[in-house]
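A look at the structure
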Amino acid sequence: MTGFASPAARAAFIAGLPKAELHLHVEGSLEPEMLFALAQRNGVAIPFASVEAVRAAYEFGNLQDFLDIYYQGMAVLRTEADFHDLAAAYLARAEADNVRHVEIFFDPQGHTERGVAFETVIAGITRALDAAAARGLSSRLILCFLRHLSEADAEATLDAALPWRHRIAAVGLDSSELGHPPAKFARVFARARSLGFKLVAHAGEEGPPAYVEEALDILGVDRIDHGNRALEDPALVARLASSGMCLTVCPLSNLKLCVVDDLAAHPLRAMLAQGLMATVNSDDPAYFGGYVNANFVAVADVLDLDRAALLTLARNSFRGAFLAEDERERHLAAIEAYDRATG
Ligand code: ADE
Ligand code: ZN
């Protein structure tokens, strides 16, 4: 029993649901149209003849296939205006999906290693965030370390971020997971924590449950990004559930990167059934075929998620966010009001 008269009714309920997005790589919101426009603006050559050719190249067998194209796409981002336009376009899409709060990842090493200054990147992104805040969309910024690079490189990136620490809520860990366990970054995460940053890490996307345990025990993260493979370890599931650890789950990403063979096999329903604090997010929407509402609709349709499950996912997005308590309560009250108004 879905509680919805039709898929269209469920999509409308999702569209109106107040929500936060907690797992979004701003560089992963680079749509092919903007890729072309920025390539032209900056005189950067790209190996695609058309927007259609770009979209056709977005077939991935695993995470690394995607990352190779994702880092290539970043080459068109060069100026403060480019980073502003990229972030502004994402924020407009988020607002259209009734997202009330966003926590945005950025990958400074993907830019500094190409000669683009840290300051150029963050100045452009924060200018877009400030404009969105004036319209009522709040945000936090999460600096991700690229885990295929060394810990020393991550340390240098943290140093470069310090003049901007008032604008950065958390540090995270992304890129190629297998072979780069969280423990590789133990010292830089300890330093980030001592500096007052919140901590998150991608874990259990392709990596084993032991990587999720390391993220908890060695890095001391406040959230796990993805976490799918934690389900292979019942003791770990019990621990994540009892501690209320937030998982930022990304259904269309999981499908496109072959973390699941079929969306019908997605673990989101099982996660909720086992008491995990799962949320729904878009990860890299320009590459994976949809922003946050599209992720909700796709997974809710195939898993037949009812109103209660969708409301739980929306509540979880604010419970897991790095918000002040009064802000969190205000958003949770908006969800209760939406429940009453639509029930
Ligand atoms: N960087 C951008 N998207 C990512 C993902 N899904 N996993 C790891 N690193 C990423
Ligand atoms: Zn991600």
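Residues numbered from 1 in each chain as written. Chains lettered and ligands numbered in written order. Predicted model: local features only at pLDDT ≥ 70, side-chain atom pairs only at ≥ 80, totals over all residues. Heavy atoms only, no water.

Further remarks concern the coordination of the zinc ion (ligand 2). Where a metal carries four tetrahedral donors, each ideal angle is 109.5 degrees; where it carries six octahedral donors, the ideal angles are 90 or 180 degrees. Around the zinc ion (ligand 2), the protein supplies His23 (NE2), His25 (NE2), His202 (NE2) and Asp283 (OD) as donor atoms, at distances of 2.0 to 2.3 Å. Each of the four donor atoms bound to the zinc ion (ligand 2) contributes to angles spanning 84 to 174 degrees, and the resulting shape is irregular. The motif formed by the donor residues of the zinc ion (ligand 2), counted along the single chain, is H-x1-H-x176-H-x80-D. Of this pair, His25 sits in strand β1 (residues 19–25) while Asp283 sits in the loop between β8 (277–280) and α14 (285–288); the two residues are 258 residues apart in sequence, bridging distant segments of the chain. The residues His25 and Asp283 share a single accessibility class, namely buried. (Donors = N, O, S within 2.8 Å, 3.2 Å for Na, K, Ca; no water. Tetrahedral: all angles 85-135°; square planar, octahedral: opposite > 155°, others 65-115°. Helix = DSSP H or I, 4+ residues; strand = E, 2+ residues; numbered from the N terminus. Buried < 20%, exposed > 50% of the residue type's maximum accessible area, 1.4 Å probe, protein only.)

By size, the foremost hydrophobic cluster in this structure holds 105 residues, and its most contacted members are Phe106, Leu268 and Leu310. The next biggest cluster of nonpolar side chains, apart from the first, holds six residues, and it includes Phe105, Ile142, Cys144 and Phe322. (Core = buried A, V, L, I, M, F, W, Y, C linked by side-chain atoms within 4.5 Å.)

Looking now at the site of ligand 1. Ligand 1 sits among His25, Leu63, Phe66, Leu67, Tyr70, Asp174, Ser175, His202, Glu205, His226, Asp283 and Asp284. His25 is positioned such that a nitrogen or oxygen atom in its side chain is 3.3 Å from a nitrogen atom of ligand 1. A distance of 2.7 Å separates a nitrogen atom of ligand 1 from a polar atom in the side chain of Asp284. Burial of ligand 1 by the protein chains amounts to 100% of its free accessible area of 260 Å². Ranked by residues supplied to the shell around ligand 1, first place goes to helix α4 (residues 63–73) with four residues. Grouping the constituent residues of the shell around ligand 1 by class yields four nonpolar, four polar and four charged. (Near = heavy atom within 4 Å. Polar contact = N/O pair within 3.5 Å; in protein donor to acceptor, adjacent residues only side chain to side chain. Areas by Shrake-Rupley, 256 points an atom, 1.4 Å probe, with all protein chains shown as cover. Nonpolar A, V, L, I, M, F, W, Y, C, P; charged D, E, K, R; others polar.)

Evaluation of the coordinates by the stated rule reveals 20 salt bridges. Among the ionic pairs, Arg55 bridges to Glu33, the shortest N-O distance being 2.9 Å. On the criterion of sequence distance, the pair formed by Arg55 in helix α3 (residues 51–56) and Glu33 in helix α2 (residues 32–42) is long-range, its members being 22 residues apart. On the basis of relative accessibility, which here comes to 39%, the residue Arg55 falls in the partly exposed class. Salt-bridge contacts for Arg223 lead to Glu103; the nearest nitrogen and oxygen are separated by 2.8 Å. Here Arg223, found in strand β6 (residues 223–226), pairs with Glu103, found in strand β2 (residues 99–106); they are 120 residues apart in sequence, far enough to count as distant. On the basis of relative accessibility, which here comes to 0%, the residue Arg223 falls in the buried class. Overall, Glu103 belongs to the buried group, its relative accessible area being 0%. Counted as one network, the salt bridges with shared partners bring together Arg10, Asp301 and Asp304. (Salt bridge = Lys/Arg side-chain N within 4 Å of Asp/Glu carboxyl O.)

As summarised here, the arrangement of the eight strands in space is β1-β2-β3-β4-β5-β6-β7-β8, forming an open sheet in which the pairing is parallel. Lying at the two open borders of the sheet, with one neighbouring strand each, are β1 and β8. The sheet shows a mean angle of 25 degrees between the axes of neighbouring strands, direction not considered. Note: strand β4 (residues 170–174) against strand β5 (residues 198–203), two bridges, orientation parallel. Within β5, the residue paired with Val171 across the bridge is Leu199. Set on the sheet, helix α5 (residues 80–96) makes contact with β1 and β2; between it and β2 the angle comes to about 150 degrees. The sheet strands contacting helix α8 (residues 151–161) are β3 (138–146) and β4, and the helix crosses β3 at an angle near 150 degrees. (Pairing = 2+ DSSP bridges. Axes fitted to C-alpha atoms, helices over the stretch in contact; angles between N-to-C directions. Contact = heavy atoms within 4.5 Å.)

Note on strand geometry: in a regular strand, side chains alternate between the two faces of the sheet. In this structure, β5 lies alongside β6, joined through four bridges in parallel fashion. Considered in β6, the bridge of Val200 is made with Arg223. The parallel pair β5 and β6, bridged by helix α10 (residues 209–219), forms a crossover whose chirality is right-handed. As a crossover connection, the stretch from β6 through helix α11 (residues 234–242) into strand β7 (residues 246–249) is right-handed. (Right-handed = clockwise from strand over helix to strand, strands pointing away.)

Interpretation note: all reported values are geometric properties and have no functional meaning in isolation.
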